[in-house]
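Report on the structure
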Protein chains: 2
Amino acid sequence: MTDQITDIAVSIEGPDSSGRFVVVCEHASNAFPAPWGDLGLSAAQREAHIAWDPGALGLARGLAARLNAVLVHANSSRLIYDLNRPPHSAGAMPARSEIHDIPGNRNIAPSERLTRTEALYVPFHAALRAQIARKLALGHAPVMITVHSFTPVFNGKARAVELGVIHDADPALALAFHAEACAATQMDARLNEPYSAADEVTHTLALQATPMGIPNVMIELRNDLIATPAQQDAMAERLAPLLLAAVAKIEETR
Amino acid sequence: MTDQITDIAVSIEGPDSSGRFVVVCEHASNAFPAPWGDLGLSAAQREAHIAWDPGALGLARGLAARLNAVLVHANSSRLIYDLNRPPHSAGAMPARSEIHDIPGNRNIAPSERLTRTEALYVPFHAALRAQIARKLALGHAPVMITVHSFTPVFNGKARAVELGVIHDADPALALAFHAEACAATQMDARLNEPYSAADEVTHTLALQATPMGIPNVMIELRNDLIATPAQQDAMAERLAPLLLAAVAKIEETR
């Protein structure tokens, strides 16, 4: 890590990395900084998957280290602002998440939507754009990977899928990575599960990668598989070579 | 105009405007600030259409005033960085434009591409994104219009088209505005002329509007029609009602 830029919206780890990968973790944090505080949630709720993607930051760091990547991650809970949603989306500041009401998100005034948008969404995506632009300008041919986790039980139903591979307009890297994961691991890896673009989960891909024409994929790990730092690191060790192989595969055929 | 933010990359006029329009002028300026200087061009070349879109800023200001819009415009020549191109495009810092060599753009080193990208492209598009995000957060349902001009004679050939209406992935507003212009004026108005998305001229539309799902259009005026401030203002007076009518038309059918 050569450098780090940090505020309540965003941290950038390794901005001078010479690799081509840009690793993104929009739901890295369950911090509830001032002026928002806990939004009326209990300590248990603030630890739960509704507040963040448990394990995702550790996995993202493990991947970034192995891919010689820059890592761009969030520093506030997605319940204050979900950085994977545009400012006009109800899901950007959800009044309800899974089975939980979010008291501090009830009837948010437009001025408060603007405050959160300007404090969190705008700087996060500006920082991410700047990192991608940097690699484009230097001729590094960037590849963007967003790293998420999902809960094993959602709305009372258990999920069998272990690795979700999600794409937006350009499916090339998702298809190639999914194929590598199926060939090289015993994981239950599925395309566009447990979420897909139809669930509005591909905003970061559409905002940051599609307009630049760069390969991109969103990966979702079931969070029981990356609960500890050791599991996160082991998963990064397993997935990093598959991402490299997938990129090589799509470039062969281009 | 309630406020203004200005640097070498970008000016924002009317950031507190309560209207829904965001007017953009990427080629507003033929300034050649330090550290780049004149790129080895003559004074005549720096006045010509290769350096900027003559008349476009005056037209954009006239439209912004009538549409109660925020205006985001460039403050440096497009020959230093063409803000309507991504950082890896040869056209972002062209070594040749129409029939002119650009000496200062010959064999640009990656570090210099990065310097220009970070000085001009990144802040311009961050500022524009912030204005769009602001209107989205406030529920203003933004509409983005980019304003350009083109030369009457290009590579020695005269152009008959007077008003070009160009779209990217979402053609709705372009089609509606073109129909209004044909119905209400005697202008020679054409879709996707003299340029189209195939010429890579729709980067700003693709970067800023498409990911947000907001109506958008690029308009191109033949620059002999907007050569003077009076002509620019008259053209704005003519086109602003057509833009409003076009937006109303697409929203009727949505």
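Quick look at the structure, then. Here the structure is a predicted model, which is why all the values come from computation and not from measurement.

It is worth spelling out unusual backbone geometry at this point. Residue and element names in this part refer to chain A. Note that the residue after Glu193, namely Pro194, is joined by a cis bond; omega there is -5°. By secondary structure assignment, the location of Pro194 is in the loop between β11 (189-191) and α5 (203-209). A positive phi angle, close to 50°, is found at Asn107, a residue other than glycine. With respect to the secondary-structure elements, Asn107 resides in the loop between β6 (100-101) and α3 (110-137). Exposure remark for Asn107: the relative accessible area of 76% places this residue in the exposed category.

Looking now at the environment of Ser11(A). Residues and elements named next belong to chain A. Inspection of the secondary structure puts Ser11 in strand β2 (residues 10-13). We classify Ser11 as buried; its relative accessible area is 2%. With 100 residues separating them in the primary sequence, Ser11 and Ser111 have C-alpha atoms 26 Å apart. Looking at Ser11, its side chain comes within polar contact range of the side chain of Asn75, at 2.9 Å.

Axes are the key here: two packed helices are described by the angle between their axes and the distance separating the axes. Contact geometry for α3(A) and helix α3 (residues 110-137) of chain B: axes closest at 9 Å, N-to-C directions at 160°. The orientation of α3(A) relative to α3(B) falls into the category roughly antiparallel. Judged by the twist between their axes, the crossing of α3(A) over α3(B) is right-handed. Tallied by class, the residues present in the contact of α3(A) with α3(B) amount to 16 nonpolar, two polar and eight charged.

Attention now moves to the interface of chain B and chain A. The interface is formed by 24 residues belonging to chain B together with 24 residues belonging to chain A. Carbon and sulfur atoms supply 73% of the area that chain B and chain A bury against each other, a total of about 2000 Å² over both sides. Here chain B and chain A share zero salt bridges between them. Taken together, the links from chain B to chain A amount to two residue pairs in polar contact (both at pLDDT 80 or more). Taken together, the elements giving at least two residues each to the side of chain B that touches chain A come down to α3 and α5 (203-209) of chain B. Considering every element that reaches the side of chain B that touches chain A, the biggest residue donor is α3(B), with 15 residues.

Bringing the relation of the copies chain B and chain A into the picture now. Here the two chain copies are tied together by a rotation about an axis and a shift along that axis. With an axial shift of 0.0 Å and an RMSD of 0.0 Å, the rotation relating chain B to chain A amounts to 180°. Expressed as an axis order, the relation between the two copies is that of a two-fold axis. Minimal C-alpha distance to the rotation axis in chain B is attained by Ala126(B), lying at 2.8 Å.

Moving on to the packing of aromatic side chains. Residue and element names in this part refer to chain A. Under the criterion given, the structure shown has two aromatic pairs over all chains. Ring centres 5.3 Å apart and planes at 35° place the aromatic pair Tyr81 and Tyr121 in the tilted group. In this pair, Tyr81 sits in the loop between β4 (70-74) and β5 (96-97) while Tyr121 sits in helix α3, placing the two residues 40 residues apart along the sequence. Tyr121 carries the same exposure label as Tyr81, and that label is buried.

What follows covers the pattern of salt bridges. Enumeration over the complete set of coordinates arrives at 26 salt bridges over all chains. For Asp224(B), the salt bridge is made with Arg222(B), and the minimal N-O distance between the two is 2.7 Å. Residue class for Asp224(B) comes out partly exposed when judged on its relative accessible area of 32%. What emerges from the salt-bridge pattern is a single network uniting Arg66(A), Asp233(A) and Glu237(A).

Residues and elements named next belong to chain A. Their axes nearest at 8 Å, the elements helix α4 (residues 172-184) and helix α6 (residues 229-252) cross at an angle of 130°. With respect to each other, α4 and α6 are oriented oblique. Considering how the two elements wind past one another, α4 and α6 form a crossing that is right-handed. Facing Ala172, Leu173, Ala176, Phe177, Glu180, Ala181 and Ala184 of α4, the residues of α6 in contact are Leu239, Leu242, Leu243, Ala245, Ala246, Val247, Lys249 and Ile250.

With that out of the way, let us pick up the pairing of β2(A). All names here are of chain A. Covered by surrounding structure in β2 are Val10 and Ile12 together with Ser11 and Glu13, the residues of both alternating faces. Relative to β4, β2 runs antiparallel, the two sharing four bridges. Across the sheet, residue Ser11 finds its bridge partner in β4, namely His73.

What follows covers the pairing of strand β4 (residues 70-74) of chain B. All names here are of chain B. Along β4, five of the five residues are buried, which leaves the element largely enclosed by surrounding structure. Of the two faces of β4, the one carrying Val70, Val72 and Ala74 and the one carrying Leu71 and His73 are both buried. Here four bridges tie strand β3 (residues 21-25) to β4, and the two strands are oriented parallel to one another. The partner of Val23 across the bridge, within β4, is Leu71.

This brings us to α4(A). Residues and elements named next belong to chain A. With 13 residues, α4 extends 18 Å from end C-alpha to end C-alpha; this agrees with the ideal 18 Å at 1.5 Å per step. Listed as buried for α4 are Leu173, Ala174, Ala176, Phe177, His178, Glu180 and Ala181. Residues of α4 that are buried in the fold lie against β7 (143-150), β10 (163-166), β11, β12 (216-222) and α6.

Our next topic: the side chain of Glu26(B). Residue and element names in this part refer to chain B. Note on placement: Glu26 falls in the loop between β3 and α1 (43-47). Put simply, Glu26 is tucked away with no salt bridge, and the nearest opposite charge, on Arg85, sits 7.5 Å away. Within polar-contact distance, the side chain of Glu26 engages the side chain of His148 at 2.8 Å. Within the structure, Glu26 has its side chain in polar contact with the side chain of Thr204 (distance 2.7 Å).

Now for helix α2 (residues 56-67) of chain A. Quick reminder: α-helices carry 3.6 residues per turn. Residues three or four places apart thus point the same way. All names here are of chain A. Over its twelve residues, α2 extends 16 Å from the first C-alpha to the last, a length consistent with the 16 Å expected when each residue adds 1.5 Å. Within the sequence span of α2, burial applies to Ala56, Leu57, Leu59, Ala60, Gly62, Leu63, Ala64 and Leu67. Lining the buried residues of α2 we find β3 (21-25), β4, β7, β12 and α6. Directly beyond the C-terminal end of α2, a positive phi value near 55° is found at Asn68.

Conventions we followed
Residues numbered from 1 in each chain as written. Chains lettered and ligands numbered in written order. Predicted model: local features only at pLDDT ≥ 70, side-chain atom pairs only at ≥ 80, totals over all residues. Heavy atoms only, no water. Helix = DSSP H or I, 4+ residues; strand = E, 2+ residues; numbered from the N terminus. Buried < 20%, exposed > 50% of the residue type's maximum accessible area, 1.4 Å probe, protein only. Polar contact = N/O pair within 3.5 Å; in protein donor to acceptor, adjacent residues only side chain to side chain. Axes fitted to C-alpha atoms, helices over the stretch in contact; angles between N-to-C directions. Parallel < 35°, antiparallel > 145°, perpendicular 65-115°, else oblique. Left-handed = near helix turned anticlockwise from the far one by under 90°. Nonpolar A, V, L, I, M, F, W, Y, C, P; charged D, E, K, R; others polar. Contact = heavy atoms within 4.5 Å. Buried area = accessible area lost by both parts, 1.4 Å probe. Salt bridge = Lys/Arg side-chain N within 4 Å of Asp/Glu carboxyl O. Least-squares fit on C-alpha atoms with pLDDT ≥ 70 in both. Phe/Tyr/Trp six-rings, centres within 6.5 Å; stacked < 30°, edge-to-face > 60°. Pairing = 2+ DSSP bridges. Expected span 1.5 Å × (residues − 1). Lys, Arg positive; Asp, Glu negative; His and termini not counted.

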